[in-house]
Amino acid sequence: MGTDVRSPSLQMVRCAQCGRVDTAMRPVCAGCLSSDLQPVSVPARGVVASYTTIRRAPTQFRDRQPYDIVVVDLDAGPRVTGRLSADSAPASIGARVHAVHVDHADTVFTLDEQP
Ligand SMILES: [Zn+2]
């Protein structure tokens, strides 16, 4: 997997036995129960599985409201939740997205440019 400066990667774990990629450090693989899990970086890009608009945000995000929360099926396999960038095109289910910002608590996605 190549490095794309426009799209940061996400830290995941990969099972050394079956290859399943998962979002969090777990004691065992959810697929095969192996405990041989290795940290791995995966590209933060995928497809919108679902989204919702937050109009009354928690206090710490109030200056951003309204904003969209997107559920993204990553190309690498896991499903993650993030925020849609304020300058992104509107979310739609099935749309391709990539992350523009990642930190431990906040992943911000934007829609890929349409052809
Ligand atoms: Zn496994």
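Each remark here, short or long, concerns the structure printed above.
First, a word on scope: everything that follows refers to the structure included in this document. (Residues numbered from 1 in each chain as written. Predicted model: local features only at pLDDT ≥ 70, side-chain atom pairs only at ≥ 80, totals over all residues. Heavy atoms only, no water.)

1. A closer look at the sheet that holds strand 1 (residues 9-15)
Consideration 1: Ordered in space as 2-1-3, the 3 strands form an open sheet in which the pairing is antiparallel. On the outer flanks of this sheet lie strand 2 (21-22) and strand 3 (37-43), each paired with one strand and no other.
Consideration 2: Pairing between strand 1 and strand 2: 2 bridges, direction antiparallel. Counterpart to R14 in the pairing with strand 2 is V21. (Pairing = 2+ DSSP bridges. Helix = DSSP H or I, 4+ residues; strand = E, 2+ residues; numbered from the N terminus.)

2. Observations concerning unusual backbone geometry
Consideration 1: Omega for the bond connecting Q65 with P66 falls within 30 degrees of zero, at -5 degrees, which places this linkage in the cis form.
Consideration 2: In this structure, P66 sits in the loop between strand 4 (45-54) and strand 5 (67-74).
Consideration 3: Of note in the backbone geometry, L33 takes a positive phi value of approximately 70 degrees without being a glycine.

3. Some thoughts on the coordination of the zinc ion
Consideration 1: Bound to the zinc ion on the protein side are C15 (SG), C18 (SG), C29 (SG) and C32 (SG), at distances that span 2.3 Å.
Consideration 2: Around the zinc ion, the 4 donor atoms are arranged such that angles at the metal cover 102 to 116 degrees; this shape is classified as tetrahedral.
Consideration 3: All donors of the zinc ion come from a single chain, and their spacing in sequence reads C-x2-C-x10-C-x2-C. In this pair, C18 sits in the loop between strand 1 and strand 2 while C32 sits in the loop between strand 2 and strand 3, placing the two residues 14 residues apart along the sequence. (Donors = N, O, S within 2.8 Å, 3.2 Å for Na, K, Ca; no water. Tetrahedral: all angles 85-135°; square planar, octahedral: opposite > 155°, others 65-115°.)

4. What to know about the sheet that holds strand 8 (residues 106-111)
Consideration 1: Ordered in space as 4-5-6-8-7, the 5 strands form a closed barrel in which the pairing is mixed. Ignoring strand direction, the axes of neighbouring strands in this sheet form an average angle of 45 degrees.
Consideration 2: Strand direction decides the pairing type here: strand 4 and strand 5, joined by 8 bridges, are antiparallel. Residue pairing for strand 5: T52 is matched across the bridge by I69. (Axes fitted to C-alpha atoms, helices over the stretch in contact; angles between N-to-C directions.)

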